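# Close look at the chain arrangement
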Amino acid sequence: MLDNQKLEQNKPEDSSTFLGRSLLTGFVGGILASLIGWFMYYFNFMEVSAKSFILRSWTTAGWTDSWLGDLLTIILIGIISIGVALIYYGVFKKASSLWGGIVYGLILWAIVFFVLQPIFANIPNLSEMELKTIVSTICLYILYGTFIGYSISFDYHDTVLNVSNKEPKKA
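Residues numbered from 1 in each chain as written. Predicted model: local features only at pLDDT ≥ 70, side-chain atom pairs only at ≥ 80, totals over all residues. Heavy atoms only, no water.

## Notes on the overall build of the protein chain
From N to C terminus, the protein chain includes six helices and zero strands. For the protein chain, the α and β elements follow one another from N to C terminus as α-α-α-α-α-α. Taking all 171 residues of the protein chain together, the buried fraction comes to 36%. Entry remark: accessible area of the protein chain is about 10600 Å², with carbon and sulfur atoms responsible for 69%. (Helix = DSSP H or I, 4+ residues; strand = E, 2+ residues; numbered from the N terminus. Buried < 20%, exposed > 50% of the residue type's maximum accessible area, 1.4 Å probe, protein only. Areas by Shrake-Rupley, 256 points an atom, 1.4 Å probe, with all protein chains shown as cover.)

In structure tokens, the structure reads:
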């Protein structure tokens, strides 16, 4: 019994590793969502691309239309998503259903397209966008929020349950 308690797998998990996994989830979620968004723009599901928000709102350099602009946008969205995951970790990590991530994605969509819209001068207002763009971006943000939200919440509940199940039993 004493040897069993000394095993590394039976030690409670450090909360910093959970935070690190949450931040990694945010980075990977941002990379995946921006890649999906790039494909959606390429196949004309959306009339605005992610680089219209990230790069073209700040610079008009010619390289933003090249593959370098796409690559830099994907990496920047991954980095921004670390902050998005940190907010979810701090506020919603105890949500135990899929709906938390869906609502979080919708909140993020509303923030980008309503609150932050004046910052993006080259992006048309929501009323000027085509319906396919609105529906596609809502779906993308729901998918993004669900990925981040459910991954972090699942990891949190799995960690809490494993820690409570690994407590040594008193004889």
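## Regarding the pattern of salt bridges
Using the criterion set out here, one finds two salt bridges in the structure. Two residues, Arg21 and Asp155, come together in a salt bridge whose shortest N-O distance is 2.8 Å. Here Arg21 is found in helix α2 (residues 15-42), whereas its partner Asp155 is found in helix α6 (residues 131-165), with 134 residues between them in sequence. Take Asp155: its relative accessible area is 16%, and that puts it in the buried class. A salt bridge links Lys132 to Glu130; its shortest N-O distance comes to 3.6 Å. (Salt bridge = Lys/Arg side-chain N within 4 Å of Asp/Glu carboxyl O.)

## Here's the deal with the layout of surface pockets
Counted as a void, the largest pocket has a volume near 630 Å³. Ile54, Ile77, Ile80, Val112 and Tyr141 are, among the 25 residues lining the largest pocket, the residues nearest its centre. Listing elements by their share of the lining of the largest pocket, those giving two or more residues are α2, α3 (50-54), α4 (67-92), α5 (98-115) and α6. Of the residues assigned to the lining of the largest pocket, the class counts are 19 nonpolar, six polar and no charged. (1 Å grid on protein atoms, 1.4 Å probe; cavity = no way out; pocket = protein on both sides within 12 Å on 5 of 7 lines; lining within 4 Å. Points joined across faces, edges and corners; volume = space filled by probe spheres on them. Nonpolar A, V, L, I, M, F, W, Y, C, P; charged D, E, K, R; others polar.)

## Some details on the confidence of the model for the protein chain
Mean pLDDT over the protein chain stands at 84; residues scoring 70 or higher make up 82%. Of all secondary-structure elements in the protein chain, the lowest mean pLDDT belongs to helix α1 (residues 2-6), at 53, while α5 reaches the highest, 93. (pLDDT = per-residue confidence, 0-100.)

## Focus on empty space enclosed by the protein
What the rule picks out here adds up to one cavity of 30 Å³ or more. Estimates place the volume of the largest cavity at around 60 Å³. In terms of lining, the largest cavity is formed by Ser34, Trp38, Ser49, Ala50, Lys51, Asp70, Thr73 and Ile74. Mapped onto the lining of the largest cavity, the elements with two or more residues apiece are α2, α3 and α4. Per-element accounting of the lining of the largest cavity gives the leading share, three residues, to α4. The residue inventory of the lining of the largest cavity, partitioned by class, reads three nonpolar, three polar and two charged.

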